[in-house]
Amino acid sequence: MKRASNRALQGQNFTVRRKQPTLGGRGWCGRVGLRHPIQSPPNFTLRNSMLIDQIKGYLVETAGVDPQIFDNPELKVADLNLDSLGLVEMLFEIEDKYGFQIPDPMVFLPMTFAEMVAAIDAMVQAQGKAPAPTAA
Amino acid sequence: MHPVVVTGSGIICPLGADKATTFAAALDARSGIGARPTDIATWLPHVVVAQAAVEPQTLLERADHGLDRATQFALVATAQAAAQAGFASHPDDAHRVGVFVGIGFAGSQTTDSLYARFYQTLSDPSLQHKDPTVMHPLTVPRIMANAAAAAITMRYGLRGPSNTYSVACASSAIALGEAYRAIRHGYLDAALVVGTEAMLNPGAMLGWNALRVMAKPDATDPSRSCRPFSQDRNGFVIGEGAAALVLESAGRSRRRGGAVLAEVAGYGCTSDAAHLTAPSVQGQAQAMEQALQEAGLAAHQIQYINAHGTATDAGDVIETQSIRKAFGGAADRVAVSSTKSMHGHLIGAAGALEFALSIEALNSGSLPPTAHLSVPDPRCDLDYIPLQARHGCELDAVMSNSFAFGGSNVSLIARRYASA
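Residues numbered from 1 in each chain as written. Chains lettered and ligands numbered in written order. Predicted model: local features only at pLDDT ≥ 70, side-chain atom pairs only at ≥ 80, totals over all residues. Heavy atoms only, no water.

Trainee: I'd like a rundown of the packing of aromatic side chains, residues and numbers included.
Mentor: The geometry of an aromatic ring pair is captured by the separation of the ring centres together with the interplanar angle, meaning the angle of the planes. Within this structure, the stated rule accounts for seven aromatic pairs over all chains. With centroids separated by 6.2 Å and ring planes inclined at 35 degrees, the aromatic side chains of B:W208 and B:F405 adopt a geometry described as tilted. One end of the pair, B:W208, is in helix α8 (residues 202–211); the other, B:F405, is in the loop between β11 (397–403) and β12 (408–415), with 197 residues separating them in the sequence. Taken together, B:F105, B:W208, B:F236 and B:F405 form an aromatic cluster joined through their ring pairs. Its end group placed over the ring of A:Y98, A:K97 keeps NZ or CZ at 5.8 Å from the ring centre. (Phe/Tyr/Trp six-rings, centres within 6.5 Å; stacked < 30°, edge-to-face > 60°. Helix = DSSP H or I, 4+ residues; strand = E, 2+ residues; numbered from the N terminus. Lys NZ or Arg CZ within 6 Å of the ring centre and 35° of its normal.)

Trainee: Please provide a residue-by-residue account of the pattern of salt bridges, values included.
Mentor: Summed over all chains, the structure comprises 26 salt bridges over all chains. Here B:R117 and A:D96 are joined by a salt bridge, their closest N and O atoms 3.0 Å apart. With B:R117 in helix α4 (residues 108–123) and A:D96 in helix α3 (residues 84–98), this residue pair bridges two chains. Side by side, B:R117 and A:D96 carry an identical accessibility label, which is buried. Of the charged contacts, one joins B:R69 and B:E240 as a salt bridge, the two residues approaching to 2.9 Å between their closest N and O atoms. One end of the pair, B:R69, is in helix α3 (residues 69–85); the other, B:E240, is in the loop between β6 (238–239) and β7 (241–249), with 171 residues separating them in the sequence. Relative accessible area serves as the criterion here: at 0%, B:E240 is assigned to the buried category. Linked through salt bridges whose partners overlap, the residues forming this network are B:R233, B:D313, B:D316, B:D377 and B:R379. (Salt bridge = Lys/Arg side-chain N within 4 Å of Asp/Glu carboxyl O. Buried < 20%, exposed > 50% of the residue type's maximum accessible area, 1.4 Å probe, protein only.)

Trainee: Tell me about the environment of B:D189, residues and numbers included.
Mentor: Residues and elements named next belong to chain B. Mapped onto the secondary structure, D189 falls in the loop between α7 (171–184) and β5 (190–197). When the C-alpha positions of D189 and G98 are compared, they lie 8.4 Å apart, and in sequence the two are 91 residues distant. Excluding its chain neighbours within four sequence positions, the residues that come into contact with D189 are D93, R96, I183, L247, E248, S249 and R252. (Contact = heavy atoms within 4.5 Å.)

Trainee: Which residues make up α3(A), and what values go with them?
Mentor: Residues and elements named next belong to chain A. The terminal C-alpha atoms of α3, which comprises 15 residues, lie 21 Å apart, in line with the 21 Å expected from a rise of 1.5 Å per residue. The sharpest bend along α3 reaches about 30 degrees and sits at L91. Buried residues dominate α3, accounting for twelve of its 15 residues. Within α3, burial applies to G86, L87, E89, M90, L91, F92, E93, I94, E95, D96, K97 and Y98. Downstream of α3 by one or two residues, G99 has phi in the positive range, about 75 degrees. (Expected span 1.5 Å × (residues − 1). Bend = angle between axes of the 7 residues up to and from the residue.)

Trainee: So, the confidence of the model for chain A: which residues are in play, and what are the values?
Mentor: Across chain A, the average pLDDT comes to 73, with 62% of residues at or above 70. Confidence drops under pLDDT 50 across residues 1–43 of chain A; counting only partners more than four residues distant or on other chains, this segment forms 98 contacts. (pLDDT = per-residue confidence, 0-100.)

Trainee: Residue-level account of the pairing of β12(B), with values.
Mentor: Residue and element names in this part refer to chain B. Of all the eight residues making up β12, seven are buried; the element is thus mostly covered by neighbouring parts of the structure. Pairing analysis gives eight bridges linking strand β8 (residues 262–271) to β12, with the strands arranged antiparallel. The partner of G266 across the bridge, within β12, is I413. As paired strands, β11 and β12 are joined by seven bridges and run antiparallel to one another. Across the sheet, S400 pairs through a bridge with L412, a residue of β12. Connecting the antiparallel pair β11 and β12 is a turn made up of four residues, with G406 showing a positive phi of about 95 degrees. (Pairing = 2+ DSSP bridges.)

Have a look at this one:
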C-alpha cells in the first residue's frame, strides 16, 4: 500500500494523537528534551511551556517565522506578521489538540506573545471543566 | 485569429510522475491500475483504482502540504509544463495570461476528511473530550473547486482570468478548448491549462460503487481490469493525477523564442440534452465534426484519435459509431486507442492528460496501444491499436475525445506546427 490507513484524515492536517499526551495525570508531556510523568491536578506551568513549544513549532516549521524573534520576551502577536487567516491557522494547532474552538481570534492581536499563551492556557483550563458537545 | 501553440506540458498520473515516464509506460502497455488505499479496500474489496505513481506531497515544499491533493497534483504538473516551456513566473504581460483548470470533484479529499473527522470524533470514546465541530480553518478554501486555479495564479503571478470548468469527464478538455479560444480570439496571449483530480477516498468511491460503472477486478491480474473495446470489458477504473499544458499565441511563443510542441487546431463542444449518463452518437459526432471544421481538416487528415474509451458497454459502442459517423470512409483508416486501459479514468484530468499524450504521439510517431484488447467486441470494429504500440507512424494531426456524464462532448485537434 502506498498510503497509511488514516490517509483520509491527512487532508485536514489532522494527526491522530490519541496515543500522545493528555493532561490530567494520564500521560506524558514536557519541555523539549525532558519527559515528566504528570500527576493530577494539571500543572499550569508545564502546559504553558507546552503551548509555547507547540505554537512556536508551528510558526517556525510551517509558517516560516524566524525562530530568533522568540528570544524577545516583549514579542507582540502583531510582530508575527500573520494575516487573519494565518492567525486562525496557528490557533488550529491548539484547537485540534484540545478539541475546542477558540471563539474570537482577533482578541490576541493587541497582546504580547506571552499574554496570548497565558490567555490560551486559561481557555484550555476552562475547557477542561466544560463538557464537550455530544450527539443528541 | 491568432494561431495557438502548445509550448510545454507536464504529467503526474498512475503511469509516472513525469511526462516522459508516463508516455514510455503507455507505449509499453504497462498498467498503473491495481493497488488500493486500505481505507477503500476495507469497504470496497472488489474495487480497483489507479493511484498516482508518486505521492504529490513528496514533490512539493512543506508549505504546500496542507493543500488539497488535487491542488498538489495540479502544482506538480504545472511546474513540469512551465519548465519545459521556459515559462517564467510573474511575466511582464501577466494580465494577458490566464489560468484554465478542469476538475470534476473539487477538493474531494478534503471534503471526505471533513466528514471522517466529524464522525470519528463523535463516535470514538477516546475522543469524547473533543468538540467534533472543530475543523481546520482552511477547509473551505481547500475544498473550493477553484483552489488549484488560485494556487497557480499566485505561484506564477498571472493576472488574467482564472477559470475553473467542472464538466465531469470533459472538464479539462473544455478548459483547453476555452483557453484556446481566448487566445485565438485575442482576449489572452497565453494560458496555463490544467486538469486535475484526486478522489480516491472512501466517500467518493462509495458513490462510484453505487453507480455500477466501475470495472470488476480481473481475477488473475487486477492491473488488466480496464479493457476498452474488449468483448469482456465491464467498466472503468478511477484514477488520479494531473496534466498541464502551456498554451500561447504563436506570436508570443515566437517572441520568446521557445520551442513549439504542436498547434491547437480545433475544438468542438456539444451537449446531448438527452440522458444523464447514456452517451449519444449525434452529440459526439457533432463535437468531432466541429473540431474538424475549425481546424480546416478533412477526416482523412487525422491519423490518430485518443478515444474517450472508458470500457463501459454503451460508451465504447457509441464512440465507435460516433467516429464512423464523423469520419465516414476515413474511419477505417484512422488509428484509435484508449490509454485509459493503462492510466485509468482521471475524470477531470482525463482531457488534459489524453491531449498531452496525443501530442507526444504526434511528435514521436509512436501510438500508444489499447492495452488488454485480446478479444475485440465485434461492435467496436475500428483499428483500436490492440495490445502493442505502433511505431514509425507519419502523423500530421491527432484528435482527443472527452465525453462526460451530463451529456457534454468535447473533441480537440492538435497538429504539427508549421511556422509562417
